[in-house]
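Here are the chains, one letter per residue:
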Amino acid sequence: MAGQITYRSTRGGASGLTFEQAVFEGLAPDGGLMVPDMVPDVSKTFKSWSKLSFADLAFEIASLFCSADEIPHADLREILSRSYKSFTHPEIVPSVKVGDMYIMELFHGPTFAFKDVALQALGNIYEYFLKRNTRRLTVIGATSGDTGSAAIYGLRGKENVECFILFPEGRVSKIQQQQMTSVLDPNVHCVAIKGTFDDCQDIVKALFGELDFKRQYGLGAVNSINWARIMFQITYYYYTYFKLFPQCDGELSFSVPTGNFGDILAGYYAKRMGLPVRHLVVATNSNDILHRFFTSGNYDKHPVEQTCTPSMDIGISSNFERYLFYLFGEDPKKLADAMEGFKRTGKLGVTPEELQHARQDFLSGVAHEGAIGAAIRSWDQLHGYCLDPHTACGVHAANELRASSGWPQAPRHAMVVLGTAHPAKFNEIVNEALGRPPPMPEGLARVQHAPTRFEVLPNAVDSIRAYVEATVAQREISKDGAACAPSALLGSAPKGPGPPPIQAPADATGPAQAEQHQTTVVVSMGVGPKAEGPSSGDVPEPRIVGRALPVAAAGRPCDCWVGLWKHFFGN
């Protein structure tokens, strides 16, 4: 079965792709998303997996979508076994009963968020293919908070990989920003965009749409537009079922906090494959485009509100296109027309029949700011369990649907809320709700005051394209012995006091002189004018101590940097 699966675009512009091609393609050339040409039916066989470890179960599921001709089974097993060794819980994804619900704790990975489950594996898959084919990969991803750090931890230090992560300036939690920007590996490049997550996501999609640029730099995706992200997340739906019903004699419902529709889409695929699922609950915050769709049939874009659940502050849910593909009867032309209309007008609607079908697939609920804080306080008081604000959205939605869905009375049934992040990642929000901060894991405590490195750039595709081009060129130079951060030229490095740029002298004429003036950006810790370090809870403000134009062997600034300087600052 696995060898028969190929991949196609939801909009019809690509088909017959292998798993490797689909993983590296990210966004399809026509702007669509890659989907398998068939969804395997395991309803008659999945019970045989009930006693498997998490890594072995991940192998069984992944091997359905990736044939042994592409990755031999022994290699795939080793990749997945290695991917979960950094998790701190022996079960990888444990489930904890709290009241009459279960919390699927997805935050025991290296960055304490559910994205680790897929991105640790995706990083290793990328590395496997790159070593085999000797190609370069330039990952460009957008994050509302957790994808960025999970992708960085999965790709840091990997050979022939450059990782660019865009995040909205001032719209992620302090710890989320620290996790991303304190990774100083030379192949990791964090960029704060003056805009929203949707702006970051639009830039990523625009760059993937520039096919010449995509091919030249070997662009790859880590966002859930990458099919492998969804595939790896299917695993924990099956794993949780086996933990709660070892005899495979029950039924589960899942309440999933979601903004980009990727996490719950994995549950949808699990159900299509044969997992006994009663309800899939779409739990949103005030940015409720998904809830509005499932209640009215209208998928209309609204301005993004900044909330206490920043990872869900998303106005357009990229993965929803994959679900619409199935809702529209796998008709790529109908979907392409609908998405083109949405791009033009910001509006998309479905027929009453299609809405009825969608409501059979999903329930939905919305949690506004007050409800989120109330859920955190209630579960602390009643159960002594600390929720992160995103998981609180899932709890609130499940509670709101108690009567209408009847899930508490269903026999041999369990309601599972996906615990998407450790509460300490949002300690300010939790502290506000409870009057005390949540316990801080050692791994998060370590990054709170670590040195950081990132750029701040305008919300413009041209700016990011130029930054990627310059950074990749500089990295190629640095491999030959030169070293200079892109911020040295762009003047867009983290804000803070520091001396003026050090200019390369015009009379430097030889390799010795050139080497002497190749100055790397030096990051020094400090907040404001002080140098002794930040106060508790502050995001450190790096200071640029020295910076210079990179100098070529002849003693002149490299052509690529001169071009970039002109792009930003003119002649």
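Residues numbered from 1 in each chain as written. Predicted model: local features only at pLDDT ≥ 70, side-chain atom pairs only at ≥ 80, totals over all residues. Heavy atoms only, no water.

A. Looking closely at the confidence of the model for the chain. Scored by pLDDT, the chain has a mean of 85; 83% of the residues are at 70 or more. Of the regions scoring below 50 in pLDDT, residues 482–571 engages in 166 contacts with residues more than four places distant in sequence or in other chains. (pLDDT = per-residue confidence, 0-100. Contact = heavy atoms within 4.5 Å.)

B. Structural view of helix H12 (residues 320–327). With eight of eight residues buried, H12 lies mostly within the body of the structure. Among the residues making up H12, those that are buried are Phe320, Glu321, Arg322, Tyr323, Leu324, Phe325, Tyr326 and Leu327. (Buried < 20%, exposed > 50% of the residue type's maximum accessible area, 1.4 Å probe, protein only. Helix = DSSP H or I, 4+ residues; strand = E, 2+ residues; numbered from the N terminus.)

C. How the structure looks around the side chain of Lys425. If you trace the backbone, Lys425 turns up in the loop between strand E12 (413–419) and helix H18 (427–434). By relative accessible area, Lys425 is classed as buried at 1%. There is a polar contact of 2.8 Å between the side chain of Lys425 and the side chain of Gln179. Among residues more than four places away in sequence, those in contact with Lys425 are Thr111, Phe112, Ala113, Asp146, Ser149, Ser173, Ile175, Gln176, Gln179 and Leu444. (Polar contact = N/O pair within 3.5 Å; in protein donor to acceptor, adjacent residues only side chain to side chain.)

D. Quick peek at the sheet that holds strand E8 (residues 219–220). Read across the sheet, five strands follow the order E8-E5-E6-E7-E13 without closing on themselves; strand pairing throughout is parallel. Edge positions in the sheet fall to E8 and strand E13 (455–457), since each of these pairs with one other strand and no more. Alignment of strand E7 (residues 188–193) against E13, held across three bridges, turns out to be parallel. Along E13, the bridge assignment pairs Ala192 with Val456. Together, strand E5 (137–142), strand E6 (161–168), E7 and E8 form the strand contacts of helix H7 (residues 197–209), whose direction differs from that of E5 by roughly 150°. (Pairing = 2+ DSSP bridges. Axes fitted to C-alpha atoms, helices over the stretch in contact; angles between N-to-C directions.)

E. Summary view of the sheet that holds strand E11 (residues 363–366). Pairing is mixed across the open sheet formed by six strands, whose spatial order is E3-E4-E12-E9-E10-E11. This sheet does not close on itself; its edge strands, each paired only once, are strand E3 (95–98) and E11. Neighbour to neighbour, the strand axes of the sheet diverge by 25° on average, direction disregarded. Bridge count between strand E4 (residues 101–105) and E12: four bridges; the pairing is parallel. Bridge pairing in E12 places Glu105 opposite Gly419. The sheet strands contacting helix H10 (residues 262–273) are strand E9 (251–257), strand E10 (277–284) and E12, and the helix crosses E10 at an angle near 170°.

F. Fine view of the packing of helix H2 (residues 54–65) against helix H9 (residues 227–244). Axis separation between H2 and H9 bottoms out at 9 Å; the angle between their running directions is 130°. Judged by the inter-axis angle, H2 sits oblique to H9. Handedness of the crossing formed by H2 with H9: right-handed. When H2 is examined against H9, the residues Phe54, Leu57, Ala58, Ile61, Ala62 and Phe65 are found in contact with a partner set consisting of Trp227, Met231, Phe232, Ile234, Thr235, Tyr236, Tyr238, Tyr239 and Phe242. Each residue belonging to the contact of H2 with H9 can be placed in one class, and the counts come to 14 nonpolar, one polar and no charged. (Parallel < 35°, antiparallel > 145°, perpendicular 65-115°, else oblique. Left-handed = near helix turned anticlockwise from the far one by under 90°. Nonpolar A, V, L, I, M, F, W, Y, C, P; charged D, E, K, R; others polar.)

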